[in-house]
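This is what each chain is made of:
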Amino acid sequence: MRDIAAETGVSIATVSRVLNQQGNVAPQTRELVERAVERLGVRAPSPRGGSPKPVGGAVYVRCPYLLTDYFGLIVSSIAETLDRHDRQLVLNAGEATQHDAVLAKLPGQRDLAGGILILPPESSDELIHLRARRFPFVVVDPRTPLPRDIAAVSAAHFAGARQVTSHLVRLGHTRIGVIGGPSEWLASDARLGGHAAALADAGILPDPSLVRPIQPTTEHGYRAAAELLDLPERPTALVAFNDKAAVGALQAAADRGLAVPDDLSIAGFDDIDVSRATSPRLTTVRQPLREMGRMAVSLLIRLLSHHEVEALHVELATELVTRDSTGPARHPA
């Protein structure tokens, strides 16, 4: 409050009345103080006496992607859970919003209580700056490493990748191609680590020439699979970053006359609807997408209610789902 008073030239008592939304403040003075609060990133103090009350207001949900199966499931569960807590949702979605500079504006919006950011494209520094301005938020599936004091929910990427690669190794596959995610994503590193750990368990050295980082789409999955399958010594199995990339791999295999799983095993990640619509149906790793959304809301509500939260980084278990697209290794002649 001293900083705001010095910034605006008004008394500390006047600043206190504005922050606590009391009367007896001229409109021009109130506006002057509120602008200073927005610039300095200061939030109103908790009421004196007794436990702090939960903060009212809507929750800003940023998901700068198409709300299809993967992201749609997360956002839907967030919306349903917020509704149970009588919280309104302000949604910022769509690929066109990826480059919008929205985070810096959030602390100044008095109708917002907090936010949930899904795979945010912003840098770690921007998220740290938002945290420093005391705007409560939770990150779902962080793209980059975050400090321990920023709440985050993700799936167990390392464990999931280790499970699916171990499954392929047990089927006799030793030359396994990896259609990985973007090299700058935290999940990509974790899954590559899980894949390498499963190979190491079986005494197999990872082969960097069998790894193709891509944007996780069907088209890019097709291209990466085509490159791997056209190698002089092609892999006998492919693990894809997500089910969409695995669908592209199925198409690349079919175009080369390879039968799945007789000639080639293919596995995905996520267990979205498309994994059960392919022929053959995809072996994949199930991410608890709906639970990730529910957990993000739960964490945020606890932060808004000023409850003590010991575990700010929550990693939810994944599950291997074995279907028809993986089978015993058949090494090419």
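Caption draft 1: Broad picture of the overall build of the protein chain. Along its length, the protein chain carries 10 helices and 12 strands. Out of the 333 residues in the protein chain, the part that is buried amounts to 50%. Of all intrachain contacts in the protein chain linking residues separated by at least 6 positions in sequence, the fraction that spans at least 24 positions is 72%. Carbon together with sulfur atoms contributes 50% to the accessible area of the protein chain, which is approximately 16,000 Å² in total. Seen as two clouds, the 35 positive and the 38 negative side-chain charges of the protein chain have centres 6 Å apart.

Caption draft 2: Spatial organisation of helix 10 (residues 289–304). For helix 10, built from 16 residues, the straight-helix expectation of 22 Å at 1.5 Å per residue is met to within 8% by its first-to-last C-alpha distance of 23 Å. Along helix 10, the residues that are buried comprise L289, M292, G293, A296, V297, L299, L300, I301 and L304. Residues of helix 10 that are buried make contact with strand 1 (58–63), helix 4 (69–84), strand 3 (112–118), strand 4 (137–140), strand 5 (151–155) and strand 11 (313–316). Immediately beyond the C-terminal end of helix 10, within one or two residues, lies H306, with a positive phi of roughly 60°.

Caption draft 3: Region of interest: the side chain of H173. Topologically, H173 is positioned in the loop between helix 6 (157–170) and strand 6 (176–180). For H173, a relative accessible area of 1% gives the class buried. Of note is the side chain of H173, whose polar atom sits 2.7 Å from the side chain of T236. Once residues within four sequence positions are removed from consideration, H173 is found in contact with L168, I204, T236, A237, S265, G327, P328 and A329.

Caption draft 4: Region of the structure containing the sheet that holds strand 3. The strand order across the open sheet formed by 6 strands is 2-1-3-4-5-11, and the pairing between neighbours is parallel. Here the strands that pair on one side only, and so sit at the sheet edges, are strand 2 (89–93) and strand 11. With direction set aside, neighbouring strand axes in the sheet form an average angle of 15°. The sheet contact formed by strand 1 and strand 2 spans 5 bridges and is parallel. Each residue of the ladder has a partner; that of Y60, found in strand 2, is V90.

Caption draft 5: Highlighting the sheet that holds strand 9 (residues 265–267). Strand order in the open sheet formed by 4 strands is 7-6-8-9, with parallel pairing between adjacent strands. At either margin of the open sheet sits one strand with a lone partner, and together these are strand 7 (211–213) and strand 9. Taking each pair of neighbouring strands and ignoring which way they run, the sheet shows an average axis angle of 15°. In terms of strand pairing, strand 6 meets strand 8 (residues 237–240) through 4 bridges, oriented parallel.

Caption draft 6: Main features of helix 7 (residues 186–201). Taking 1.5 Å of rise per residue, 16 residues should cover 22 Å, and helix 7 covers 23 Å from first to last C-alpha, within 8% of that figure. For helix 7, the full list of buried residues reads A187, S188, R191, G194, H195, A197, A198 and L199. Among the residues trailing helix 7, G203 stands out with phi positive, at a value near 75°.

Caption draft 7: Spotlight on the packing of helix 6 against helix 7. Closest axis-to-axis distance for the helix 6/helix 7 pair is 7 Å, and the angle between their directions is 35°. When you trace helix 6 past helix 7, the crossing you get is right-handed. For the pair formed by helix 6 and helix 7, the contact residues are H157, F158, A161, R162, T165, S166 and V169 on the first element and A187, A190, R191, G193, G194, H195, A197, A198, L199 and D201 on the second. Grouping the constituent residues of the contact of helix 6 with helix 7 by class yields 8 nonpolar, 6 polar and 3 charged.

Caption draft 8: Summary view of the pattern of salt bridges. Applying the stated criterion across every chain, the model contains 15 salt bridges. In this structure, the salt-bridge partner of D207 is R175, at a minimum N-O distance of 3.6 Å. Highlighted residues: D207 in the loop between helix 7 and strand 7 and R175 in the loop between helix 6 and strand 6, separated in sequence by 32 residues. The buried category is assigned to R175, whose relative accessible area is 18%. Among the salt bridges present, the one from R276 reaches D273, with a minimum N-O distance of 2.8 Å. Salt bridges here are not isolated pairs; linked through shared partners, they connect D271, D273, R276, R286, E319 and R323.

Caption draft 9: Fine view of the side chain of T81. With respect to the helices and strands, T81 occurs in helix 4. The exposure class of T81 is buried, given its relative accessible area of 10%. At a separation of 2.7 Å, a polar atom in the side chain of T81 contacts the main-chain carbonyl oxygen of S77.

Cut-off values and rules
- Residues numbered from 1 in each chain as written.
- Predicted model: local features only at pLDDT ≥ 70, side-chain atom pairs only at ≥ 80, totals over all residues.
- Heavy atoms only, no water.
- Helix = DSSP H or I, 4+ residues; strand = E, 2+ residues; numbered from the N terminus.
- Buried < 20%, exposed > 50% of the residue type's maximum accessible area, 1.4 Å probe, protein only.
- Contact = heavy atoms within 4.5 Å.
- Areas by Shrake-Rupley, 256 points an atom, 1.4 Å probe, with all protein chains shown as cover.
- Lys, Arg positive; Asp, Glu negative; His and termini not counted.
- Charge placed at Lys NZ, Arg CZ, Asp CG, Glu CD.
- Expected span 1.5 Å × (residues − 1).
- Polar contact = N/O pair within 3.5 Å; in protein donor to acceptor, adjacent residues only side chain to side chain.
- Pairing = 2+ DSSP bridges.
- Axes fitted to C-alpha atoms, helices over the stretch in contact; angles between N-to-C directions.
- Left-handed = near helix turned anticlockwise from the far one by under 90°.
- Nonpolar A, V, L, I, M, F, W, Y, C, P; charged D, E, K, R; others polar.
- Salt bridge = Lys/Arg side-chain N within 4 Å of Asp/Glu carboxyl O.

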